[in-house]
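Now for the letters of each chain:
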Amino acid sequence: MDLNLSSTVSNPSSNGDDQEELVRVLIIGSGPAGLSAALYAARADLDPVVLTGMELGGQVSLTFAVENYPGFPEGIGGMELVDLFQKQAQRFGARIEFDLAAEVDFSDRPYKVKTQNGKLYLAESVIISTGASAVHLNVPGENEFTGRGVSYCATCDGWFFKEKEVIVVGGGDSAVEESLFLTRYAENVTIVHRRDELRAGALLSERAKSNPKINIFWNTVVKEISGNGAVQTVKLQDTLTGEEREHEVDGVFIFIGHSPNTSLFKDQLDMDKNGYLIVDNFMQTNVPGVYAAGEAADPHFRQVITSAGMGAAAAIQANHFLDENPLPEK
Ligand code: NAP
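What you see is a predicted model; the values in this text were computed from it and never measured.

### Observations regarding the domain arrangement of the protein chain
One can read the domain layout of the protein chain as domain 1 (20-133 + 258-324) and domain 2 (150-254). Inter-centroid distance (C-alpha atoms) of domain 1 to domain 2 is 32 Å. Contact residues are listed per partner, giving 5 residues for domain 1 and 8 residues for domain 2. Each partner contributes to the roughly 530 Å² buried at the junction of domain 1 and domain 2, and carbon and sulfur atoms together form 56% of this total. Counting the surface domain 1 buries against domain 2, the share from its top three residues, L62, F64 and E67, is 76%.

The structure is reproduced here in structure tokens:
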């Protein structure tokens, strides 16, 4: 990578034209991990800057209701929760920038992060909280009909399917939770799951099975999505018999898991075979002063509360790191 930084590296301070800035903690991503890191870093007087990425709040902001974040016994809307996270971080001085990290160079400090808006951050420490994105089915018609019947977000698109027939692909917590949400609008919701048992937790699974608007096609996969301008049919296959059949639908909601948004850090940070950043118990990546928190580094828990906890831990560690590793005077 060539960030063409020769002039800026020698003088790592703001050059006054707002295109270059030295920051103590740069947080990449604004989901629960990033905003919790921002809160803790701000309260440590580190003046953190948060690059929001494409989606302020990350995946949870697209969730209709969060019922398992402590402190909200009646549940809270995902967007509302993110808004509270953001306000709390800003109250202590965190700065939120609606910008996207486009290039990074972690070869030496200060670390360099260039944004899509052309700004160059020289960061004494970095917390990566870029989250994860929906996995695609990769079947014919999926890309063609995305936004025209194919969706990865029930909260965003459910309303368009009032009294329509929709299928939800997947058997995990997301698929089941979003199916329940879709029953507010759709006439019928059919969960299409490749096995004969849901992966989702017991409570959600029971709610889905007892909902009269939800039907489940077991041992079934989607082979193709087709239509004329908008989705009309899906080709389904029985995984036990191999038999294929057409099924008429208006919408196809796909919730088959997530993959971490870490391609930006390839060749710079250690990651596992699935692209999750590898961190130690202190959220530290293989580069000193570069931390990762939330789903970008968590293939296991992927909860709002665990991501928020990782973000807080990363900020606490960044604070220790900065105390112990001041940048040399230029
Ligand atoms: P997930 O738990 O990984 O489930 C993915 C589902 O999609 C599985 O049922 C899987 O089938 C199926 N699947 C995967 N690839 C497929 C393919 N190519 N074709 C057809 N089906 C496919 O993902 P998730 O539901 O997004 O949940 C992610 C994490 O977030 C989990 O840890 C979950 O507990 C958490 N979460 C929690 C809540 C909550 O607590 N309320 C809500 C949402 C998410 P198999 O079962 O056969 O593997």
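What follows continues from the structure just given.
### Things to note about helix α3 (residues 78-91)
An α-helical segment advances 3.6 residues per turn. Residues three or four places apart therefore align on the same side. For α3, which comprises 14 residues, the first-to-last C-alpha distance of 20 Å matches the rise-based estimate of 20 Å (1.5 Å per residue) to within 8%. All of the buried residues in α3 are G78, L81, V82, F85, Q86 and A89. Down the axis of α3, the buried side of the element spans an arc of 135°, and every buried residue falls inside it. Buried residues in α3 make contact with α2 (32-43), β3 (95-97) and α7 (304-324). G93 sits one or two positions beyond α3 and adopts a positive phi of about 110°.

### Observations concerning the packing of aromatic side chains
A full pass over the atoms with the stated rule returns 7 aromatic pairs. A ring pair is formed by Y69 and F85, whose centres lie 5.6 Å apart and whose planes are at 65°; its orientation type is edge-to-face. Taken as a pair, Y69 in the loop between β2 (49-51) and α3 and F85 in helix α3 lie far apart in primary sequence, 16 residues in all. Summarising the burial analysis for this pair, Y69 and F85 share the class buried.

Definitions and limits used
- Residues numbered from 1 in each chain as written.
- Predicted model: local features only at pLDDT ≥ 70, side-chain atom pairs only at ≥ 80, totals over all residues.
- Heavy atoms only, no water.
- Domains from an automatic or database assignment.
- Contact = heavy atoms within 4.5 Å.
- Buried area = accessible area lost by both parts, 1.4 Å probe.
- Helix = DSSP H or I, 4+ residues; strand = E, 2+ residues; numbered from the N terminus.
- Expected span 1.5 Å × (residues − 1).
- Buried < 20%, exposed > 50% of the residue type's maximum accessible area, 1.4 Å probe, protein only.
- Arc of directions from axis to C-beta.
- Phe/Tyr/Trp six-rings, centres within 6.5 Å; stacked < 30°, edge-to-face > 60°.

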